[in-house]
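As a plain string of letters, each chain reads:
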Amino acid sequence: NAGVTQTPKFQVLKTGQSMTLQCAQDMNHNSMYWYRQDPGMGLRLIYYSASEGTTDKGEVPNGYNVSRLNKREFSLRLESAAPSQTSVYFCATTLSAGGPRNIQYFGAGTRLSVL
Amino acid sequence: DQQVKQNSPSLSVQEGRISILNCDYTNSMFDYFLWYKKYPAEGPTFLISISSIKDKNEDGRFTVFLNKSAKHLSLHIVPSQPGDSAVYFCAARGNAGGTSYGKLTFGQGTILTVHP
């Protein structure tokens, strides 16, 4: 089992370019999340999807859009990249956002640089 | 407004000694707390957790303590090993009555270095 797979692993963009970060899980989990990690800031929630067909904003949603394509896949789109979006992006999943423990399982991350 | 804080950016410990990582929170609506470990170029991995109805949870060399009145939790690693060198994040989950329900709020992380 691959667990949580993120593609690509690395990406360099120019300001104003667009791109989509992909996340796929084979854990049969219902809830999926997108975080960004910046130095000294920990992990901050961008968007999440409690279940297939639903998405909600997290702490730092501006400049991003998401699509929960099906139960397995949750994508994050940058329509017009800005240097402030240079970061490491992590996708995570959990069986159920409202479950008793909500242990989230993370992908390996996508390192994005916007020049 | 940082609801979960790890005030020590780094900690250096000798192999075999105890490592104590600390975390403070401000939101009394958090009901479940987790510690994650992260190696460079990898995603965070779950380490240990504790419910707000408990004050201690132990798993091998790792013990998490929760002091609800002080809104403080700590992770103890005994004995520390060089392979424990990583970034440690604490996280808190909001309960069903709050706006953070189903979501985790993370601290900034503490870099632990265990010297041989």
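Higher on the page you've got the structure.
It should be emphasised that the depicted structure is a prediction, and the values quoted were computed from it without experimental measurement. (Residues numbered from 1 in each chain as written. Chains lettered and ligands numbered in written order. Predicted model: local features only at pLDDT ≥ 70, side-chain atom pairs only at ≥ 80, totals over all residues. Heavy atoms only, no water.)

A.B. asks: What am I meant to see in the overall build of chain A here?
C.D. replies: Each helix and strand counted, chain A has zero helices and eleven strands in total. Against the globule reference of 13 Å for 115 residues, chain A gives a C-alpha radius of gyration of 13 Å, in line with a compact fold. Dimensions of chain A, computed from C-alpha atoms along their principal axes, come out at roughly 40 × 25 × 25 Å. Evaluated residue by residue, chain A yields a buried proportion of 49% over its 115 residues. Residue pairs in contact within chain A that sit at least 24 positions apart in sequence constitute 56% of those at least 6 positions apart. (Helix = DSSP H or I, 4+ residues; strand = E, 2+ residues; numbered from the N terminus. Rg over C-alpha atoms; globule rule 2.2 N^0.38 Å. Buried < 20%, exposed > 50% of the residue type's maximum accessible area, 1.4 Å probe, protein only. Contact = heavy atoms within 4.5 Å.)

A.B. asks: Looking at this structure, I do not really get the sheet that holds strand 8 (residues 72-77) of chain B. What am I missing?
C.D. replies: Backbone hydrogen bonds hold the strands of a sheet together, and the pairing may be parallel or antiparallel. Residues and elements named next belong to chain B. Overall, antiparallel pairing links the five strands, which are arranged 1-3-8-7-6 in an open sheet. A single partner strand is all that each edge strand has here, and the edge strands are strand 1 (4-5) and strand 6 (56-59). Two strands pair when backbone bridges link them, and strand 6 and strand 7 (residues 62-67) are joined in this way by four bridges, in the antiparallel orientation. In the strand pairing of strand 7, aspartate 59 is matched with phenylalanine 62. (Pairing = 2+ DSSP bridges.)

A.B. asks: Is there a simple way to think about the side chain of Lys38(B) in this case?
C.D. replies: By the element assignment, Lys38(B) lies in strand 4 (residues 30-38). The buried charged residue Lys38(B) lacks any salt bridge, with Glu42(B) as its nearest oppositely charged partner at 7.8 Å. Polar contacts involving the side chain of Lys38(B) include one to the main-chain carbonyl oxygen of Glu42(B), which spans 3.1 Å. Those residues within four positions of Lys38(B) in sequence are excluded, and the remaining contacts are Gln37(A), Phe90(A), Gly43(B), Pro44(B), Ala86(B), Val87(B) and Phe89(B). (Lys, Arg positive; Asp, Glu negative; His and termini not counted. Salt bridge = Lys/Arg side-chain N within 4 Å of Asp/Glu carboxyl O. Polar contact = N/O pair within 3.5 Å; in protein donor to acceptor, adjacent residues only side chain to side chain.)

A.B. asks: Please explain the environment of Lys71(B) as it appears in this structure.
C.D. replies: Residues and elements named next belong to chain B. Considering the arrangement of structural elements, one finds lysine 71 in the loop between strand 7 and strand 8. Owing to a relative accessible area of 25%, lysine 71 belongs among the partly exposed residues under this scheme. When the C-alpha atoms of lysine 71 and glutamate 15 are compared, they prove to be 29 Å apart, with 56 residues separating the residues in sequence. Leaving out residues up to four positions away in the same chain, lysine 71 has contacts with Cys23, Asp24, Tyr25, Thr26, Asn27 and Ser28.

A.B. asks: Quick question: what am I supposed to make of the pairing of strand 11 (residues 110-115) of chain B here?
C.D. replies: Here is the key point about a regular strand: its side chains alternate between the two faces of the sheet. All names here are of chain B. Side chains of strand 11 alternate between two faces, with Thr110, Leu112 and Val114 buried and Ile111, Thr113 and His115 left unburied. One ladder, built from five bridges, connects strand 2 (residues 10-14) with strand 11; its direction is parallel. Across the sheet, the residue bridging to leucine 11 is leucine 112, located in strand 11. Pairing between strand 9 (residues 86-94) and strand 11: three bridges, direction antiparallel. By the bridge assignment, alanine 86 is partnered in strand 11 with leucine 112.

A.B. asks: What am I meant to see in the state of the cysteines here?
C.D. replies: Disulfide: a covalent bond formed between the sulfur atoms of two cysteine residues. With the rule as written, the count across this model stands at two disulfides over all chains. The disulfide partner of Cys23(A) is Cys91(A), and the S-S distance across this bridge is 1.9 Å. Negative torsions about the S-S bond denote left-handed disulfides, and the value of about -70° found for Cys23(A) with Cys91(A) makes this one left-handed. Placement of Cys23(A) in strand 3 (residues 19-25) and of Cys91(A) in strand 9 (residues 87-94) is noted, with a sequence separation of 68 residues between them. Like Cys91(A), Cys23(A) is buried. Disulfide pairing is shown between Cys23(B) and Cys90(B); the S-S distance is 1.9 Å. Here the S-S torsion is close to 65°, and the disulfide linking Cys23(B) with Cys90(B) is therefore right-handed. (Disulfide = S-S within 2.5 Å.)

A.B. asks: What's the story with the pattern of salt bridges in this structure? I'm lost.
C.D. replies: Two side chains bearing opposite charge may form a pair once their charged atoms approach each other closely. For the coordinates displayed, the defined rule picks out seven salt bridges over all chains. Of the charged contacts in the structure, one is a salt bridge between Asp31(B) and Arg93(B), with a shortest N-O distance of 3.0 Å. Residue Asp31(B) is found in strand 4, and its partner Arg93(B) is found in strand 9; the two are separated by 62 residues along the sequence. With respect to burial, Asp31(B) and Arg93(B) carry one shared label: buried. Here Asp84(B) makes a salt bridge to Lys37(B), at a shortest N to O gap of 4.0 Å. With Asp84(B) in the loop between strand 8 and strand 9 and Lys37(B) in strand 4, this residue pair connects regions lying 47 residues apart in the sequence. When salt bridges that share partners are traced, they join Arg36(A), Asp38(A) and Arg44(A) into one network.

So far we have only geometry, and geometry alone does not tell us how the molecule works.
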